[in-house]
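# Structure assessment
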Amino acid sequence: MVYFDDGSNRKKRKSYRQKRSNPFLALIIGFVLGAFLFAVALPKLIELELLPYEFYLISEDHGLMSENLVANQDETFQFIHSITPISVDIATQVTDIVARVTPAVVGVENIQTRSFNFWDQAVYDGGTGSGVIYRKTDDRAFIVTNHHVIEGADQIEVILADDTRLIAELKGSDLYTDLAVLEVDGTDIDVMIDLGNSELTKVGEPVIAIGNPLGLGLSGSVTQGIISGTQRSIPQDLSGDGLADWQADVIQTDAAINPGNSGGALINMSGQLIGINSMKINQAAVEGIGFAIPINEALPVIQELESVGFMTRAFLGVEAYSLIDVPKAEWQQSLLLPDEVTGGIYIQSVEPFTPADYAGLQTYDVIVELDGEPVHTIVDLRKFLYQQKGPGDEMVIKFYRSGEAEEAIVELTKQ
């Protein structure tokens, strides 16, 4: 049977096509619905652990970064961005240490007076630094700081963390180690720092420096860094003549140490004192190089300054200079030294009635060995006397006189 289309069916088909939905509208609705499920519903399902899949967070190079749930054996979903909320606890180890240690770090103010005549005097600030409360008795507290912080002071004030000012008594100070000990009324002091072991420090170990950089206005400033080096020997010109008088054995750190930090605390991640911040290379082209006196070397000095008031050191009784400060031509022409001598100390003068005088040492003798150990500079001599010898000890000195090697035994006395 054949049917003829009289045009009415075409009208019906046209009407049917007009009733069909717009495909772009469906796409937009699907996108919005999918975004809603991805952003709202899916995280909630994950949080309630209702999905039997394992989700991974992967980077752009497809490296695995994290995982969340239990895996389905057949399928693993991968996402570029994390959809799990992150909770951060700001109470870190550093903040805990700082809160515990900061009250034990104090400000130290050097107050000096200048007299113009019998009646007129002026009081002025001789500088500020930092200090650390290391010991406390029932009513007295003891503070270690740097010698250069309190040098020349007519009065010293200690400023506690709560801005309380206390008059300090100087128990003793030492130029060579750059250490000083103060004593204050400890009635209102209830905290002191824990002492660590600086010999256990390692390069790369994180440390914290606390002090008062650039004055008391920035008191209690905290900087963090690492141990950059241990057992560094830094030459120091203590007399201002441009020549090294001493070598300080220090810890190097990149924690920021600025003027005013001197005498402050260098602490480890256990909150223990491992160094007394002492100096900084202050050049325009140098950053991140600070130094601290190791606490293991400071403790014997601190104890002697507290009990005696000064360091008791061995005394030889000579004015001497490093041989390297003499023109090389004079080594043979004037001092008549043999070619095998590569360093030593020449004696400029011998003080009367001293160990050197009693041992027969003379002007222009050149010392090359102490107890069999070679010495090349005046710093070597001082460090040997001050660190390895004491008053009453004997010391064998090898020296050259008029080109001939000789030996003398001296009995050292107090400086």
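## Quick notes on the overall build of the protein chain
Of the regular secondary structure elements, the protein chain holds eight helices and 24 strands. When the 415 residues of the protein chain are sorted by exposure, 39% land in the buried category. Summarising the internal contacts of the protein chain: among those between residues at least 6 apart in sequence, 57% fall at separations of at least 24. On the protein chain, roughly 24,100 Å² of surface is accessible, and the fraction owed to carbon and sulfur atoms is 53%.

## Here's the deal with a negative patch on the surface
Residues Asp138, Asp139, Asp162, Asp163, Asp185, Asp188 and Asp190 make up a contiguous surface patch of negative charge. The topology assignment puts Asp162 in the loop between strand S7 (155-159) and strand S8 (165-174).

## A closer look at unusual backbone geometry
Note: most peptide bonds trans; most residues except glycine with negative phi. With a phi close to 60 degrees, Asp178 is a non-glycine residue in the positive phi region. Tracing the chain through its elements places Asp178 in the loop between S8 and strand S9 (179-185). On the accessibility criterion, Asp178 (9% relative accessible area) is buried. In this structure, Ser402 takes a positive phi of about 55 degrees despite not being glycine.

## Thoughts on the pattern of salt bridges
Within this structure, the stated rule accounts for ten salt bridges. In this structure, Glu306 and Arg135 form a salt bridge, with 2.2 Å as the shortest nitrogen-oxygen distance. Here the residue Glu306 occupies a position in helix H5 (residues 295-307), and Arg135 occupies one in strand S5 (residues 121-136), the gap between them amounting to 171 residues. Across the salt bridge formed by Arg401 and Glu406, the nearest N and O atoms sit 4.0 Å from each other. Owing to a relative accessible area of 32%, Glu406 belongs among the partly exposed residues under this scheme. A single network of salt bridges, built from pairs that share partners, joins Glu109, Glu157 and Arg165.

## Section: the nonpolar core
By size, the foremost hydrophobic cluster in this structure holds 26 residues, and its most contacted members are Leu179, Ile193 and Ile267. Sorting the residues of this core by element identifies helix H3 (93-101), S5, strand S6 (140-145), S9, strand S11 (206-211), strand S14 (265-267), strand S15 (272-280) and H5 as the ones contributing at least two each. Among the elements that take part in this core, H5 stands out by supplying five residues, more than any other. Each residue touching Leu179, except ones within four places of it in the same chain, is listed here: Val144, Thr145, Asn146, His147, Ser173, Asp174, Ile276, Ile293, Ala298, Val301 and Leu305. Leu370, Val375, Leu385 and Phe399 belong to the second-largest nonpolar core, a separate cluster that totals 25 residues.

## Considering the environment of Gly271
The topology assignment puts Gly271 in the loop between S14 and S15. Gly271 sits in the buried class, given a relative accessible area of 3%. Gly271 has contacts with Ile97, Arg100, Val101, Ile193 and Asp194, leaving out every residue within four places of it along the chain.

## Let's talk about the packing of aromatic side chains
Here a ring pair, both rings aromatic, is described through the centre-centre distance and the interplanar angle of the planes. The full count for this structure, using the stated rule, is four aromatic pairs. In textbook terms, an aromatic cluster arises when at least three aromatic residues are bridged by ring pairs, as seen for Tyr176, Trp246 and Tyr386. Here Arg313 stacks its cationic end above the ring of Tyr386, 4.9 Å away from the centre of that ring. Over the ring of Trp331 we find Lys328, and its NZ or CZ is 4.9 Å from the ring centre.

## Regarding H3
What H3 keeps buried is the set Ile97, Val98 and Val101. Summarising the axial view, the buried residues of H3 lie within an arc of 100 degrees, below the 170-degree limit, and thus occupy one face.

## Quick word on the pairing of S8
Both S7 and S8 contribute to a ladder of four bridges, which runs antiparallel. Residue pairing for S8: Ile159 is matched across the bridge by Arg165. Counting the residues between successive antiparallel strands, the hairpin from S7 to S8 contains five residues, one of them, Asp163, with a positive phi of roughly 75 degrees. Note that S8 and S9 share five bridges and pair antiparallel. By the bridge assignment, Glu169 is partnered in S9 with Glu183. Where S8 folds back onto S9 in an antiparallel hairpin, the turn is made up of four residues, including Asp178, whose phi is positive at roughly 60 degrees.

## Quick notes on the confidence of the model for the protein chain
Per-residue pLDDT for the protein chain has a mean of 80; in total, 73% of the residues score no lower than 70. Contacts for the low-pLDDT stretch residues 1-19, under 50 throughout, to residues beyond four places or in other chains number two contacts. Scored below 50 in pLDDT, residues 53-84 shows 55 contacts in the model against residues more than four places distant or in partner chains.

Calculation rules
Residues numbered from 1 in each chain as written. Predicted model: local features only at pLDDT ≥ 70, side-chain atom pairs only at ≥ 80, totals over all residues. Heavy atoms only, no water. Helix = DSSP H or I, 4+ residues; strand = E, 2+ residues; numbered from the N terminus. Buried < 20%, exposed > 50% of the residue type's maximum accessible area, 1.4 Å probe, protein only. Contact = heavy atoms within 4.5 Å. Areas by Shrake-Rupley, 256 points an atom, 1.4 Å probe, with all protein chains shown as cover. Patch = residues over 30% accessible without salt bridge, like charges linked within 9 Å, V, L, I, M, F, W, Y side chains within 5 Å. Salt bridge = Lys/Arg side-chain N within 4 Å of Asp/Glu carboxyl O. Lys, Arg positive; Asp, Glu negative; His and termini not counted. Charge placed at Lys NZ, Arg CZ, Asp CG, Glu CD. Core = buried A, V, L, I, M, F, W, Y, C linked by side-chain atoms within 4.5 Å. Phe/Tyr/Trp six-rings, centres within 6.5 Å; stacked < 30°, edge-to-face > 60°. Lys NZ or Arg CZ within 6 Å of the ring centre and 35° of its normal. Arc of directions from axis to C-beta. Pairing = 2+ DSSP bridges. pLDDT = per-residue confidence, 0-100.

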